[in-house]
Amino acid sequence: MHAMDGSLTHQPYGKEGQAIYSVSRGGMNARMMDIAERHGDAKISYNEVCYDANLEEGIVYLKNTITGKTSEVKSDLVFATDGAFSAVRYNAMQKLPGFNYSQNYIEDGYRELLLPANDDGSYKMDKNALHIWPRGRFMLIALANEDGSFTCTLFMPHGNHESSFENLKSRGDVENFFKATFPDFFEMMPNVAEAWEDHPLSSLAIIRCYPWTSGKVALMGDAAHATVPFYGQGMNCGYEDCSVMWDLMNEYGDDWDAIFKAYQEQRKPNGDAVQDLSLDNYYVMRDFVGDPEFLLQKRFERRLSELYPDDYIPLYSQVSFSHIPYSEAYQKGKKQDAFMKDLMAKHNLQAMFDDGSVDSLIHDIIKNKELIL
Ligand SMILES: Cc1cc2nc3c(=O)[nH]c(=O)nc-3n(C[C@H](O)[C@H](O)[C@H](O)COP(=O)(O)OP(=O)(O)OC[C@H]3O[C@@H](n4cnc5c(N)ncnc54)[C@H](O)[C@@H]3O)c2cc1C
């Protein structure tokens, strides 16, 4: 965490050895396409935009972006993974009676910036950390790339706020804003204003819908449950859709009605939960990671989990370092938070850390079975 005065504080993600990996999206896509071609005889088509689908017949209607030629492909099954603004969902599913749909933009948008490597290719900051500059109503984050650079993202309101994207109109506005608000970042990237327009200003939305399957078609990934990116779980949640689908294929064989039914019933609560978790973590990252009370709570939770790993897994670790379903983690996390708030109202945990009595408080909590999660 980067404070206004440039001082740094460090908060571990989880236990020693637990890490979040920063992975190139393009590299990941290329790797998956290679694997699909090598092991699954996949034929990959490029520049084919889907503009409609026939759900009952399993037909997708395509238009080639270069030739303009239209075509249709009929398949036994269609897995629609065409992202948050899925054409299959929008043009086919949404016409079904009983299809529920909601799209909620959050007030904030984002803009990416590339912080380049030093001239010798080395990193300008610790590469083994997610860097956050929490500033209350907005924040800057940075994640390391493999080439020494960092991909940085400024999340901030669009509209009528003291600090908003609308107030950063000229290069001078951008420069003054970074100098005043992220001085240590500005030192590393004094040309931030020149790079400002390199990436577009984008919006963020949560999209919920149900059902996720109809006829021969299933929505998967963001097409089914697009979320805001503040838990870093969007892609993982899409992969979990795939692993659950695979388990169901093994369980039900060729009975695709049963597979699709079980898939959407199992995954919908988890899609909802990853969206709720992501929104909650937005407020945590934006408003609380620099708050001493919040940091104290996290420190206590870490100690509790160190001493009694079977009794207490912090929410972040449940989500990021276990296969506990998102919906279960979300429910447990709410109970943990209520427990911690209550505990902190009763005890001065900072003083207990200082005088070394915190461990005996933890032993008492476990002995007296106060922790029922
Ligand atoms: C700013 C930001 C940061 C994020 N950070 C993280 C993170 O740190 N960790 C994480 O796990 N997730 C993150 N996510 C979320 C993650 O990017 C998505 O959850 C993930 O990419 C979803 O994968 P998908 O395959 O379902 O959809 P997408 O990745 O959106 O892929 C959809 C594909 O379908 C194609 N397509 C779209 N429409 C059509 C059409 N009509 N016809 C044909 N093809 C079409 C698109 O070109 C694209 O290739 C982030 C998202 C954002 C916006």
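### Looking at the overall build of the chain
The secondary structure content of the chain amounts to 13 helices and 11 strands. C-alpha extents for the chain along the principal axes are approximately 70 × 60 × 40 Å. Evaluated residue by residue, the chain yields a buried proportion of 40% over its 373 residues. Sequence-distant contacts in the chain: of pairs separated by 6 or more residues, those separated by 24 or more amount to 63%. Accessible area of the chain: about 20500 Å², with a carbon and sulfur share of 51%.

### A few points about the site of the ligand
Around the ligand, the surrounding shell holds 17 residues, and the nearest of these are R25, C50, D222, G234 and M235. D222 places a polar side-chain atom, nitrogen or oxygen, 2.8 Å from an oxygen atom of the ligand. In isolation the ligand has 1000 Å² of accessible area, and contact with the protein removes 59% of it. Every element with two or more residues in the shell around the ligand is listed here: strand 1 (48-54) and helix 7 (234-252).

### Comments concerning the nonpolar core
The biggest cluster of nonpolar side chains holds 27 residues, and the ones touching the most others in it are V88, V217, L219, M245 and Y263. If you list the elements that add at least two residues to this core, you get strand 1, strand 2 (59-64), strand 4 (78-80), strand 11 (217-219), helix 6 (222-225), helix 7 and helix 8 (256-288). Among the elements that take part in this core, helix 8 stands out by supplying 5 residues, more than any other. In this structure, A144, F165, V174 and A193 belong to the second largest nonpolar core, which totals 26 residues.

### So, the sheet that holds strand 4
Pairing is mixed across the open sheet formed by 3 strands, whose spatial order is 4-11-10. Because the sheet does not close on itself, it has two edges, and the strands there are strand 4 and strand 10 (213-214). With 2 bridges joining them, strand 10 and strand 11 adopt antiparallel strand pairing. Bridging across to strand 11, T213 finds its partner in A218. The strands that helix 8 touches are strand 4, strand 10 and strand 11; relative to strand 11, the one it contacts most, it runs at about 15 degrees.

### Here's the deal with the pattern of salt bridges
Close approach of charged atoms lets side chains of opposite charge pair. Inspection of the entire model under this criterion finds 18 salt bridges. One salt bridge in this structure joins K261 and E265, with 3.1 Å as the shortest N-O distance. Here K261 pairs with E265, and both are found in helix 8, just 4 residues apart, close to one helical turn. With a relative accessible area of 45%, E265 lands in the partly exposed category. The partner of E306 in a salt bridge is R303, with the nearest N and O atoms 2.7 Å apart. In this pair, E306 and R303 both sit in helix 9 (residues 292-307), 3 residues apart, roughly one turn of the helix. Classification of R303 by relative accessible area gives partly exposed; the value is 24%.

### Looking at the pairing of strand 2
Pairing analysis gives 6 bridges linking strand 1 to strand 2, with the strands arranged antiparallel. Note on strand 2: the bridge partner recorded for V49 is K63. The loop that links strand 1 with its antiparallel partner strand 2 comprises 4 residues; one of these, G58, has a positive phi angle of about 70 degrees. Two elements, strand 2 and strand 3 (residues 70-74), share 5 bridges in a ladder whose sense is antiparallel. Paired with V60 across the bridge in strand 3 is V73. From the end of strand 2 to the start of strand 3, which pair antiparallel, there are 5 residues, and G68 there has a positive phi angle of about 75 degrees.

### Some words on the sheet that holds strand 3
Ordered in space as 1-2-3, the 3 strands form an open sheet in which the pairing is antiparallel. Of all strands in the sheet, those bounded by a partner on one side alone are strand 1 and strand 3. Along the sheet, successive strands turn relative to each other by an average axial angle of 30 degrees, direction set aside.

### Details of the packing of aromatic side chains
As enumerated under the stated definition, the model contains 20 aromatic pairs in all. On the numbers, 5.5 Å between centres and 15 degrees between planes, the contact of Y13 with Y316 is stacked. Taken together, the positions of Y13 in the segment before helix 1 (25-40) and Y316 in helix 10 (residues 315-321) put the pair 303 residues apart, joining distant regions of the chain. Under the relative-accessibility criterion, Y316 is labelled partly exposed at 22%. Centre to centre, the rings of F230 and Y282 are 4.2 Å apart; their planes meet at 20 degrees, and the pair counts as stacked.

### Quick look at the state of the cysteines
Inspection of the entire model under this criterion finds 0 disulfides. The thiol sulfur of C237 is not disulfide-bonded, and the nearest other cysteine sulfur, from C242, lies at 10 Å.

### Observations concerning the packing of helix 8 against helix 11 (residues 326-346)
With their axes 7 Å apart at the nearest point, helix 8 and helix 11 run at an angle of 45 degrees to one another. Comparing their axes, helix 11 and helix 8 come out oblique. Crossing of helix 8 over helix 11 shows left-handed handedness. Within the contact between the two elements, helix 8 uses R267, P269, N270, A273, V274, D276, L277 and D280 and helix 11 uses Y326, S327, Y330 and K334. When the residues that make up the contact of helix 8 with helix 11 are grouped by side-chain class, the tally is 6 nonpolar, 2 polar and 4 charged.

Conventions used here
Residues numbered from 1 in each chain as written. Predicted model: local features only at pLDDT ≥ 70, side-chain atom pairs only at ≥ 80, totals over all residues. Heavy atoms only, no water. Helix = DSSP H or I, 4+ residues; strand = E, 2+ residues; numbered from the N terminus. Buried < 20%, exposed > 50% of the residue type's maximum accessible area, 1.4 Å probe, protein only. Contact = heavy atoms within 4.5 Å. Areas by Shrake-Rupley, 256 points an atom, 1.4 Å probe, with all protein chains shown as cover. Near = heavy atom within 4 Å. Polar contact = N/O pair within 3.5 Å; in protein donor to acceptor, adjacent residues only side chain to side chain. Core = buried A, V, L, I, M, F, W, Y, C linked by side-chain atoms within 4.5 Å. Pairing = 2+ DSSP bridges. Axes fitted to C-alpha atoms, helices over the stretch in contact; angles between N-to-C directions. Salt bridge = Lys/Arg side-chain N within 4 Å of Asp/Glu carboxyl O. Phe/Tyr/Trp six-rings, centres within 6.5 Å; stacked < 30°, edge-to-face > 60°. Disulfide = S-S within 2.5 Å. Parallel < 35°, antiparallel > 145°, perpendicular 65-115°, else oblique. Left-handed = near helix turned anticlockwise from the far one by under 90°. Nonpolar A, V, L, I, M, F, W, Y, C, P; charged D, E, K, R; others polar.

Honestly, that's just the spatial picture; any functional story needs more than this.
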